Amino acid sequence: MSAQVDLKKPEPVKEEKPEEKGLTDDALNKYSSAGQTLGEVLKKFIPQVTAGKKVLDLVIEGDKLVADAVAPLWNKSKNGVKVSKGLAFPTTVSVNNVVAHFTPLPSDPEVVLKDGDVVKIMLGIQFDGYAVTHAETIHLSSKTDGAAADVIRAAYDAAQLAMRTLKVGNKNWDVTEVVDKAAKDYGCSAVEGMLSCQHEKNVTDGKKRIILNPTPELKREHETVTFDEGEVYGVDVLVVSGADGKAKPDPSRTSVYKRADVNYQLKMKTSRAVFSEIQKKAGAFPFTLRALDDEKRARMGVQEAAAHGLLRPYDIVQTAPGTLVAEFFFTIALLPAGPLLLSPTPVWYPSASITSEKSLQDEALQTLLTQPLRAPKKKKAKTNGEEAKA
């Protein structure tokens, strides 16, 4: 017998939930947790970066601090699956004119920090594939002036301007332009061709990209993109002292690689074993060969994988001898209420102790630098009734 239908009463209409644009609460929670955890790691790590320290010891310590910090967090399984967590980028310590990505292996030549070095620290944390990466620059000196002060101030101000320019509706070339202008005001240059990318779950090299100081050829190769609500970006601001922004390969061998979205059946047994270990330990994120069980085997195994595009190396490059490079990397989310900085603020950078005779000259940039990253919430005007109650 069929159920009776009340023709006078309309059938309830099933509401279709609109697709969430951008970040879910769960994603934002994990991004925020990664940023807060990274901040705690940096407070312990940055004070250890001093003259006389071996770079190898420092990068090992940085990675260990991350492992210890994430161990007690996000341990509940979801539908029987553990939340992935750990390094989103291995600790790197790049000195003076070495641009980035330097994280040596025990077999590499020893590098020891010395007084006067300009040191760039970079590392990242991910929970469930949501990554927050941070880089900052420190100067191993009781006094920071001259070229070191100029380049560090230039990079810091350029990063602050980039944050305030990376807003919904703006374009990637807007960020390129403010970084370029800020660097030039300090007598410096953005490092040529350095990329920043959109982030998504398990993706740190997304399709939307920002390029610094591009050559005409590089500019033609990169399309214009518009920033949208709900997107996350990892922005790498790299500035070199002087007017020459060109970088060339450094003699040091890279130890940082990342799995690429390429299919190829590796021929060598060693290569297959190493690639399997990489997938288990690093997943979709950059890793250092130091994290693998056998360094010699790892060096051999990655060669075939890299040659056929399964792994992408993070090359080490350097600017001209005698120049200095400063770096600030931040991760930022574009939310309805405005941009939200996910990465922690720099630990070392104390503008009061940095003495530069140069400063931003562009009035528009000066004004932009004074603006808050997020506009303060407007207070609702009281109604007459509310005023009467007050």
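Residues numbered from 1 in each chain as written. Predicted model: local features only at pLDDT ≥ 70, side-chain atom pairs only at ≥ 80, totals over all residues. Heavy atoms only, no water.

Novice: Before we go on, may I ask you to explain the overall build of the chain in this structure?
Specialist: Counting its secondary structure elements, the chain contains 9 helices and 16 strands. In the chain, of all internal contacts separated by at least 6 residues, the share reaching a separation of at least 24 is 78%. Summing over all exposed atoms, the chain offers an accessible surface of approximately 20600 Å²; the carbon and sulfur share of this is 52%. The average position of the 53 basic charges and that of the 51 acidic charges among the side chains of the chain differ by 5 Å. (Helix = DSSP H or I, 4+ residues; strand = E, 2+ residues; numbered from the N terminus. Contact = heavy atoms within 4.5 Å. Areas by Shrake-Rupley, 256 points an atom, 1.4 Å probe, with all protein chains shown as cover. Lys, Arg positive; Asp, Glu negative; His and termini not counted. Charge placed at Lys NZ, Arg CZ, Asp CG, Glu CD.)

Novice: It is not clear to me how the side chain of His199 should be interpreted in this structure. Could you clarify?
Specialist: Mapped onto the fold, His199 is located in strand E6 (residues 195-199). The contacts of His199, once residues within four sequence positions are left out, are Tyr31, Ala131, Thr204, Val232, Tyr233, Gly234 and Thr331.

Novice: Help me out: how do you make sense of the sheet that holds strand E11 (residues 287-288) in this one?
Specialist: Strand pairing in a sheet is mediated by backbone hydrogen bonds. Such pairs are either parallel or antiparallel. Strands sit in the order E11-E10-E12 across an open sheet of 3 strands; the sheet is antiparallel. With partners counted over all chains shown, the strands left at the sheet margins are E11 and strand E12 (311-313), one partner each. As paired elements, strand E10 (residues 256-259) and E12 share 3 bridges and run antiparallel to each other. Counterpart to Arg259 in the pairing with E12 is Leu311. (Pairing = 2+ DSSP bridges.)

Novice: Looking at this structure, I do not really get helix H4 (residues 172-185). What am I missing?
Specialist: Given 3.6 residues per helical turn, the α-helix brings residues three or four places apart onto the same face. The first and last C-alpha atoms of H4 sit 21 Å apart over 14 residues, in line with the 20 Å expected at 1.5 Å per residue. Turning to H4, its buried residues are Asn172, Trp173, Val175, Thr176, Val178, Val179, Ala182 and Ala183. Taken together, the buried residues of H4 touch helix H3 (146-165), strand E5 (188-190), strand E7 (209-211), helix H5 (216-221), strand E8 (232-241) and helix H8 (363-370). Just past H4, the residue Gly187 takes up positive phi, approximately 70°. (Expected span 1.5 Å × (residues − 1). Buried < 20%, exposed > 50% of the residue type's maximum accessible area, 1.4 Å probe, protein only.)

Novice: Honestly, the side chain of Asp150 in this entry has me stumped. Any pointers?
Specialist: Structurally, the position occupied by Asp150 is in helix H3. Not counting chain neighbours up to four residues away, the residues in contact with Asp150 comprise Tyr186, Cys188, Ser356, Glu357 and Lys358.

Novice: For this particular structure, what's the right way to read the packing of H3 against H8?
Specialist: Two quantities define a packed helix pair, namely the angle between the helix axes and the distance between the axes. It is the contact of H3 with H8, at a shortest axis distance of 9 Å, that shows an interaxial angle of 75°. Judged by the angle between their axes, H3 and H8 are roughly perpendicular. Between H3, through Asp157, Gln160, Leu161, Arg164 and Thr165, and H8, the contact on the second element is made entirely by Leu365, Leu368 and Leu369. Here the residues of the contact of H3 with H8 sort into 4 nonpolar, 2 polar and 2 charged. (Axes fitted to C-alpha atoms, helices over the stretch in contact; angles between N-to-C directions. Parallel < 35°, antiparallel > 145°, perpendicular 65-115°, else oblique. Nonpolar A, V, L, I, M, F, W, Y, C, P; charged D, E, K, R; others polar.)

Novice: What exactly am I supposed to notice about the pairing of strand E2 (residues 118-127) here?
Specialist: The side chains of a regular strand alternate between both faces of the sheet. The buried count for E2 comes to 10 of 10 residues, which makes it a mostly enclosed element. Going residue by residue along E2, you find Val118, Lys120, Met122, Gly124 and Gln126 tucked away on one face and Val119, Ile121, Leu123, Ile125 and Phe127 tucked away on the opposite face as well. For strand E1 (residues 85-95) and E2, the ladder comprises 8 bridges, and the chain directions are antiparallel. Its bridge partner being in E2, Val95 is matched across the sheet by Val119. Direction of pairing for E2 relative to strand E3 (residues 130-139): antiparallel, over a ladder of 10 bridges. Within E3, the position partnered with Val118 by the bridge is His139. The antiparallel hairpin formed by E2 and E3 contains 2 residues in its connecting segment, where Asp128 sits at a positive phi of about 60°.

Novice: Is there a simple way to think about the nonpolar core in this case?
Specialist: Across soluble globular proteins, nonpolar side chains show a tendency to be buried alongside one another. Formed by 47 residues in total, the largest nonpolar core has its most connected members in Val99, Leu166, Val179, Val237, Val239 and Phe330. Counting residues per element, the ones that place at least two in this core are H3, H4, E5, E8 and strand E14 (325-335). Examining the composition of this core, we find that 11 residues originate from one element, H3, more than from any other. Those residues in contact with Val99 that sit more than four places away from it in its chain are Ser94, Lys120, Val191, Met194, Leu238, Ala247, Val317, Gln318, Thr319, Val325 and Glu327. (Core = buried A, V, L, I, M, F, W, Y, C linked by side-chain atoms within 4.5 Å.)

Novice: What is the right way to read the confidence of the model for the chain from this model?
Specialist: In this model, the chain carries a mean pLDDT of 91, and residues with pLDDT of at least 70 account for 91%. For the stretch residues 1-20, pLDDT sits under 50, and the model shows 0 contacts to residues farther than four places along the chain or on other chains. (pLDDT = per-residue confidence, 0-100.)

Novice: It is not clear to me how the pairing of E6 should be interpreted in this structure. Could you clarify?
Specialist: Most of E6 is tucked away: 4 of the 5 residues are buried. The pairing of E6 with E7 spans 3 bridges and is classified as antiparallel. Residue pairing for E7: Cys197 is matched across the bridge by Arg209. Pairing of E6 with E8 involves 3 bridges; the strand directions are antiparallel. Of the residues in E8, the one forming a bridge with His199 is Val232.

Novice: How should the packing of aromatic side chains be read in this particular structure?
Specialist: The description of an aromatic ring pair rests on the distance of the ring centres and on the angle between the ring planes. In this structure the tally under the stated criterion is 8 aromatic pairs. Relative to Phe328, the ring of Tyr156 lies with its centre 5.4 Å away and its plane at 80°, an arrangement referred to as edge-to-face. Of this pair, Tyr156 sits in helix H3 while Phe328 sits in strand E14; the two residues are 172 residues apart in sequence, bridging distant segments of the chain. With a centroid separation of 3.9 Å and 10° between ring planes, the pair formed by Tyr156 and Tyr349 is classed as stacked. (Phe/Tyr/Trp six-rings, centres within 6.5 Å; stacked < 30°, edge-to-face > 60°.)

Novice: Would you take a moment to explain the pattern of salt bridges for this structure?
Specialist: When the charged atoms of two side chains with opposite charge come close together, those side chains can pair. In the structure shown here, the tally under the stated rule is 22 salt bridges. A salt bridge links Lys208 to Glu231, with the nearest nitrogen and oxygen atoms 2.7 Å apart. Placement of the pair is Lys208 in the loop between E6 and E7 and Glu231 in the loop between H5 and E8, with a sequence separation of 23 residues. For the pair shown, Lys208 and Glu231 are each scored as buried. When salt bridges with common partners are traced through the structure, they connect Asp26, Lys30, Asp128 and Lys201 into a single cluster. (Salt bridge = Lys/Arg side-chain N within 4 Å of Asp/Glu carboxyl O.)

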